[in-house]
Amino acid sequence: MLVMGEVRTGLLQNSGEIPESLCQGVLGLLSGERVRISRRPIVYAVSPDQLTGVDCRLASAARARVRGVGTVLSRASVTGGRVLQGSSHIQVARAEADHRLSWSHYLARPGVVEVFGKMRVPDLADGFADSGAWNDCLDLGSVSERFMDAVQASPLLDRKAPFRSARTRLRWVAVAEEPGREGPGIRFTLGRDRVRTLRLVLPDGFTPDVVDFCEDLALHDWLLTTLLVIVERARVGTATRAEVTAKLAPAVDHLLHLWMPAARLDDGFAPLWEALERRPGFSRQWQSLVARVRDQIAINTLALLREAGGW
Amino acid sequence: MTPAYATFGEVEAERRVASAPLSHVSIELGHLYMEDFQAGPERLREQFRHVAPWAETMRASWRARVPGGRARVSTCFLIDDYFSRFSTPSELVPMVLEAAAECDLTIDYLARESACAEADGVKLARLVEDRLVTDPPPGTDGSRPPVTETGWLCNGARSPYGGAVQVAMGSAQGWEPPAQNAKRRHSIFVDVELWDSDSRGRTWSCPFLAAVWQLLRLGMIRNDGELPVRPTPRGPSFPASWDELPAVVQLNPAAAPFSAYTTMSVLSPRFLPVELAVRTILSQVFVDAAVLRQVADRSGGEGIPLPDELVDRISYIFLGA
Amino acid sequence: MLVFAISDKGGTGRSVTSSNIVYRRALQGSDVCYLDFDFGSPTAGAIFSVSSAARGTIQGGMHGYFEGRIADPHRIDIWAETDREGLRAKPPGAGQMVLFPGDEGGGEFSTVSEEMLRRCVRLFTRLEEEFDLCLVDLSAGRSFAAQMALAATARLPGVPFRWLVFHRWTRQHIIAAHGLVRGRQGLLAAGVEHGHDEETLADHIRFVRTAVLEPDAAELEGLRETQKAWLNECDRELRELARRYGVGRTSMLGKIPLDPVLQWREQLISDEDVLSSQIANAETVAAFDDLAKKIVDDSAWEAL
């Protein structure tokens, strides 16, 4: 088994969070298909699945020429009416024929890419995880971004985002646990240029919940990354209190309430999140940042009260 | 205390997909265009005479295939009211029915071609167009949007054209042939016009509507999870205007369901290029996976495995005069 | 916000001024990027002292992106990649500063195809998400790049944009700048053709005077009285000319004094160049700073 995907995460280009009622219009990328919405514990709306055809090289760590043909399965989602994600993935399978078949063959297997010749799972897994700068190899991130672009271009959005932020990229690859190889586990790596890689070894094989898990992780990584930048730019200790508060305010208005790791996940993934909470300790870092933001704003409020003579 | 497990579900987070009643095969007895009509009722009778034995053969072969011989076979007939309007339902439909009866054929369902563009307020052709997933030429790695020419669909890579981006003092490009993606050494390149438009709006092409027609007969189209077209039982008479005729009329109250696992069409060879185009389109339509699963479960339960690929569920008989 | 920098004639100091605006804006805490749309001569890397991109990049830049060869154009983090020691550390609180270079060996395009236009719209939309200010440096004169910019912004009603027209303080330059905006096939005419409203577009265009020598400048101390009087007369005439051609004070966003550093070595002027080595004039930096503020200050862009 070999499944790989890429999730891109960014801020929905709207001044405020969008209400549930707008989600159908914004994410309805396919006519005749409803946007699915779940409301607890946080509003989450997801577009219908989309397919994109590919016929290209797959990145191989050994730089072998591996050709794959098939379809990429993608979707776009909005969490809390505020954070937009584009997510694409494929399951890699070995082709039975030695030549390309009629397109209907591949369309009958949505989300499967068939490779010609022998399939070396570790080689393709390593290749994909490192393939950031490789040309002409399967580029799931760009597919994900196009669906994000389609959402951001919606006339229902006012494009007046409260702050600027870069999209983050989470590239993930999941393989099945095999005797004699590494046991079930998770490895998360922060790379340059907002690239993160996630490697999963799954005891029970692939289920769609794996995609949910990767999207959830990407969402929280983006929240953390974005809040870190906001706090850094606020120049706490250097800039005036009023300046600091002004810089921190968008975080309070738009980000702090969105932190809900593993909210929608299947219980089977709880151990994976728990492992990430131990190291690198997502929630610990988040909570410490949140405390810092709130303290700064509290101090400024006190100062203002004192100036106003109310104290 | 033992741990408590909560289950929680949300209606709008789940997808519901209606299922269509299904026959084993849907046989298209004919397709009536203005020129056929102008040629008079004799042409129609001749066509039905040709078709009748083939329809019977199809029926017999399914009877042999289905346990107990209880094959569900429905027949249908399509009238073009999209590209040209001629006559009226009240005048034309009885004539068609009479001609069929003379050849011992029963037409179970009658459909209007314009219903493939829009039926009961649902823009079927748009639904299908949105579900096109273009056949990628080699080298398509997802980094760029799929190469499309608005309103066209092909099965490979087109020749580079003069309007491609060129950089000053860059090298010029010569002619290159188009190529079929799934070629075996040599290409059969097909490029299909899906629609054109003028001041009155968009006109869908005949192959595109024919592709929608096939999908309807295969029970593959849903709008918001619902079936967009349900056959309407015939009234005591037929209306005087095509717009008043339902999209699909059920003429025979005892008919097997309109949609079916497979379709068969008996056609004149002049429709060969159209059907090649239809197959080019259908092999690039991404049908709702839940619908495919429904149909596969049903047919599997009956012990009738279906081919995975939609185009393999469609068959034709091309009959010369 | 998208800011397009254009000039009718070459040698106005458009690129070096734009680069310095971007740099000042980053120091003021904004996330900024600089897009090299001077397709015939992709040399923006040189101004930012990024030697790997001094003649454009070989890693797939603007040209490769518009030709559809690559998914995303190569981006250079200037704070990290500049060769200038003094610029290499991003000061605390400063924003991102990113250069999108052209391709080495890339040339001017022969047309703007629908494909290119769509790529341009996509690029602008994505950068707008990430950067407070995207400065697009167009080439001198009427170009396909300028046409593409007009067409793309017409398709992006939600994205704010502004145009800066650079010209020197000479008779010829004033007339040329006027022509570029209001002349035949000028920005306004071409903009209307692509769907812009003429008046609204005009409200989004301002002029920047470069290499300005003020008659009372310190450099002119040693001149004879007759020379000074003649200079004053010239300046008065130019002001009159500029007013008549709609290039006068009201439509001017700023002016950059003549500075030898800009003339001889087109580069970013850091505070260190003014304070320690004193090779550049404080007035020049003040002018850049002022422009960098005014570019995003709505009151400087109220309808004329």
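The rules we used
- Numbering of residues begins from 1 in every chain and follows the order in which that chain's sequence is written.
- For this description, chains carry letters from A and ligands carry numbers from 1, given in the order in which they are written.
- Only residues with pLDDT of 70 or above have their local features reported here, since the model is predicted, and side-chain atom pairs are shown and tallied only from 80 upward, although totals for entire chains, interfaces and linings are computed over all residues.
- Computation of side-chain values: all heavy atoms of the structure, hydrogens and water removed.
- Each salt bridge in this description consists of a side-chain nitrogen of Lys or Arg and a carboxyl oxygen of Asp or Glu lying within 4 Å of one another.
- Counting from the N terminus, the helices are the DSSP runs of H or I reaching at least four residues and the strands are the DSSP runs of E reaching at least two.
- A 1.4 Å probe rolled over the protein chains alone gives each residue an accessible area, and that area as a share of the maximum for its type sets the label: buried under 20%, exposed over 50%, partly exposed in between.
- When checking whether two residues touch, look at their non-hydrogen atoms; a contact exists if any pair is within 4.5 Å.
- Note on definitions: buried area is the accessible-area loss of two parts on being combined, 1.4 Å probe, summed for both.
- In this classification, the charged set is Asp, Glu, Lys and Arg, the nonpolar set is Ala, Val, Leu, Ile, Met, Phe, Trp, Tyr, Cys and Pro, and all remaining amino acids, among them Gly, are polar.
- Should DSSP find at least two bridges between two strands, the strands are taken to pair.
- Between N-to-C directions, angles cover 0 to 180 degrees, with each direction set by a line fitted to C-alpha atoms, over the stretch in contact for helices.
- The set of buried Ala, Val, Leu, Ile, Met, Phe, Trp, Tyr and Cys residues whose side-chain atoms join them within 4.5 Å is what this entry labels a nonpolar core.
- A pair of sulfur atoms, both from cysteines and within 2.5 Å, is called a disulfide here.

(A) The arrangement of the pattern of salt bridges in detail. Taken as a whole, this structure holds 66 salt bridges over all chains when the rule is applied. Residues Glu-42 of chain B and Arg-45 of chain B are paired through a salt bridge, measuring 3.3 Å at the closest nitrogen-oxygen approach. Linking Glu-42 of chain B with Arg-45 of chain B, this pair stays in helix α2 (residues 41–65), spanning three residues, or about one helical turn. Look at Glu-42 of chain B and you get partly exposed, because its relative accessible area is 39%. Ionic contacts of the salt-bridge type, sharing partners, join the residues Glu-6, Arg-8, Glu-145, Asp-149, Arg-167 and Arg-171 of chain A together with Asp-72, Arg-126 and Glu-129 of chain C into one network.

(B) Up close: the interface of chain A and chain B. Taken together, the contact pairs 39 residues of chain A with 40 residues of chain B. Buried surface at the junction of chain A and chain B, summed over both partners, amounts to about 3,100 Å²; 50% is from carbon and sulfur atoms. Where chain A meets chain B, there are four salt bridges. Here Asp-224 of chain B makes a salt bridge to Arg-34 of chain A, at a shortest N to O gap of 3.6 Å. Of all the secondary structure elements, the ones that give two or more residues to the side of chain A that touches chain B are β2 (36–38), β4 (50–58), α2 (103–107) and α4 (140–152) of chain A. Broken down by element, the side of chain A that touches chain B gets its largest block of residues, six residues, from β4 of chain A. Within the side of chain A that touches chain B, the residues separate by chemical class into 15 nonpolar, ten polar and 14 charged.

(C) Summary view of the pairing of strand β10 (residues 195–202) of chain A. Residues and elements named next belong to chain A. Of all eight residues in β10, seven are buried; the element is thus mostly enclosed. Relative to β10, strand β8 (residues 168–176) is paired through eight bridges, and the arrangement is parallel. Each residue of the ladder has a partner; that of Arg-169, found in β10, is Val-195. Direction of pairing for strand β9 (residues 185–190) relative to β10: antiparallel, over a ladder of six bridges. Within the sheet, the bridge partner assigned to Phe-188 lies in β10 and is Leu-198. Adjacent in sequence and paired antiparallel, β9 and β10 are bridged by four residues, among which Asp-193 carries a positive phi angle near 55°.

(D) Expanded view of the sheet that holds strand β1 (residues 2–7) of chain C. Residue and element names in this part refer to chain C. One open sheet holds the eight strands; their spatial order is β3-β4-β2-β5-β1-β6-β7-β8, and the pairing between them is mixed. Strands at the two margins of the open sheet, each flanked by one partner only, are β3 (76–77) and β8 (252–257). Alignment of β3 against strand β4 (residues 97–100), held across two bridges, turns out to be antiparallel. By the bridge assignment for β4, Asp-77 is matched with Val-98. In the packing of helix α5 (residues 114–130) onto the sheet, the strands contacted are β1, β2 (32–37), β4 and β5 (133–140), and the crossing angle to β2 comes to about 165°. In this fold helix α13 (residues 282–294) packs onto β7 (205–212) and β8, with an angle of close to 160° to the strand it touches most, β8.

(E) Broad picture of the nonpolar core. Membership of the largest hydrophobic core comes to 58 residues, with the highest contact counts inside it found for Leu-124, Leu-194, Phe-208, Leu-215, Met-220, Ile-221 and Ile-281 of chain B. Within the residue set of this core, elements represented by two or more residues are β2 (73–79), β3 (109–112), α4 (124–130), α5 (206–217), β12 (260–267), α6 (272–282), α7 (289–301) and β13 (314–318) of chain B. Top contributing element to this core by residue count: α5 of chain B, with nine residues. Among the nonpolar cores identified, the runner-up in size contains 55 residues, and Phe-4, Tyr-65, Val-181 and Leu-238 of chain C belong to it.

(F) The state of the cysteines, seen in detail. Under the counting rule described, the total for this entry stands at zero disulfides over all chains. No disulfide involves Cys-134 of chain C; its sulfur sits 3.7 Å from that of Cys-33 of chain C, the nearest cysteine.

(G) View of the environment of Arg-118 of chain C. With respect to the element layout, Arg-118 of chain C can be found in helix α5. Sequence spacing of Arg-118 of chain C and Thr-200 of chain C is 82 residues, and the spatial spacing of their C-alpha atoms is 23 Å.

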